Amino acid sequence: MKNIVLIGFMGSGKSSMGRFLSRELDYDFFDTDKEMENVTGLKVHQIMKKYGKIRFASEERLIVKKLAAMDRTIIATGGSFIDNEENIKALKDNSVFVFLDVDDDIIIDRLKRRRVRPFNEKGSLTELVPKIYGRRRPVYERYADITVNTTEKTMEETAEEIVQRLDSVYVQ
Ligand code: S3P
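Residues numbered from 1 in each chain as written. Predicted model: local features only at pLDDT ≥ 70, side-chain atom pairs only at ≥ 80, totals over all residues. Heavy atoms only, no water.

1. Concerning the site of the ligand
Alright, step 1. Lining the immediate surroundings of the ligand are twelve residues, of which M10, K14, D33, G79 and R136 lie closest.
Alright, step 2. Between an oxygen atom of the ligand and a side-chain N or O atom of K14, the distance comes to 2.5 Å.
Alright, step 3. Here an oxygen atom of the ligand and a backbone polar atom of G79 are 2.9 Å apart.
Alright, step 4. Here the ligand has 380 Å² of accessible area as a free molecule, and 90% of this is covered by the chains.
Alright, step 5. The element best represented in the shell around the ligand is helix α3 (residues 44-67), accounting for three residues. (Near = heavy atom within 4 Å. Polar contact = N/O pair within 3.5 Å; in protein donor to acceptor, adjacent residues only side chain to side chain. Areas by Shrake-Rupley, 256 points an atom, 1.4 Å probe, with all protein chains shown as cover. Helix = DSSP H or I, 4+ residues; strand = E, 2+ residues; numbered from the N terminus.)

2. Considerations on helix α1 (residues 14-25)
Alright, step 1. The first and last C-alpha atoms of α1 sit 16 Å apart over twelve residues, in line with the 16 Å expected at 1.5 Å per residue.
Alright, step 2. Turning to α1, its buried residues number three or more, namely K14, M17, G18, F20, L21 and S22.
Alright, step 3. Those residues of α1 that are buried are in contact with β1 (3-7), β2 (28-31), β3 (73-76), β4 (95-101) and α7 (155-169).
Alright, step 4. Two residues or fewer after α1 comes D26, characterised by a positive phi angle close to 60 degrees. (Expected span 1.5 Å × (residues − 1). Buried < 20%, exposed > 50% of the residue type's maximum accessible area, 1.4 Å probe, protein only. Contact = heavy atoms within 4.5 Å.)

3. Side note on the packing of helix α2 (residues 32-40) against α3
Alright, step 1. At a minimum axis distance of 9 Å, the contact between α2 and α3 shows a crossing angle of 110 degrees. Comparing the axis directions of α2 and α3 gives the class roughly perpendicular. Note on element contacts: α3 touches α2 through V44, I47, F56, E59, E60, I63, K66 and L67, opposite T32, D33, E35, M36, E37, V39 and T40. (Axes fitted to C-alpha atoms, helices over the stretch in contact; angles between N-to-C directions. Parallel < 35°, antiparallel > 145°, perpendicular 65-115°, else oblique.)

4. As for the packing of α3 against helix α4 (residues 85-92)
Alright, step 1. Where α3 meets α4, the closest approach of the two axes is 9 Å, and the angle between their N-to-C directions is 10 degrees. One finds that α3 runs roughly parallel with respect to α4. Contacts from E60, R61, V64 and L67 of α3 reach α4 at E86, N87, A90 and L91.
Alright, step 2. For the contact of α3 with α4, a count of residues per class yields four nonpolar, one polar and three charged. (Nonpolar A, V, L, I, M, F, W, Y, C, P; charged D, E, K, R; others polar.)

5. Things to note about the nonpolar core
Alright, step 1. Core analysis: the largest hydrophobic core is formed by 34 residues, its most contacted members being I7, F9, F81, F119 and V129.
Alright, step 2. Ranked by residue count, the leading element in this core is helix α6 (residues 125-143), at eight residues.
Alright, step 3. By size, the runner-up hydrophobic cluster in this structure holds 15 residues, among which are I4, L6, Y27 and V148. (Core = buried A, V, L, I, M, F, W, Y, C linked by side-chain atoms within 4.5 Å.)

6. Re the sheet that holds β1
Alright, step 1. In space, the five strands of this open sheet follow the order β2-β3-β1-β4-β5, with parallel pairing throughout. The open sheet has two edge strands, β2 and β5 (146-149), and neither has a second partner. Ignoring strand direction, the axes of neighbouring strands in this sheet form an average angle of 20 degrees.
Alright, step 2. Running over the sheet, α6 touches β1, β4 and β5 and is turned about 150 degrees from β4. (Pairing = 2+ DSSP bridges.)

Encoded structure:
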């Protein structure tokens, strides 16, 4: 049984959806950011601040390598996971990629409620989210086997859509 890799922007609900889906489908669940925090003993924003994006990306690659050997696992990724093609290559053969798309306004609202915003660029969320997400959206779309816009959907509805569409992309 293949893995399901959830990709998407910060605040798109990858971790919550991953946990929910793993219970629904009886799959294991891994969150690459959480794994990194467990391995390093630091929060993701601390790794970024203290060691920078290159170190973050190299820690992420190590975790992804480990996850590539898994089966029946839901993997929630960090927002910048798709910046590194090695990550995609490592998981693509054994996974279905699901892009959780959400309208910018919802992302902005959700991120406003978070204490930590790991954007390096300067500007308000209202400026940065459309700019950065606008850049990344086509990349998420390119790697996705399934894209679900979750804006108007409950968690249950999103899960149902993913499960229904899984049948069309994969031979078990
Ligand atoms: C990032 C998003 C974060 C985290 C890192 C980089 C990004 O993950 O991986 O701070 O550049 O979009 P979430 O998408 O889980 O918040």
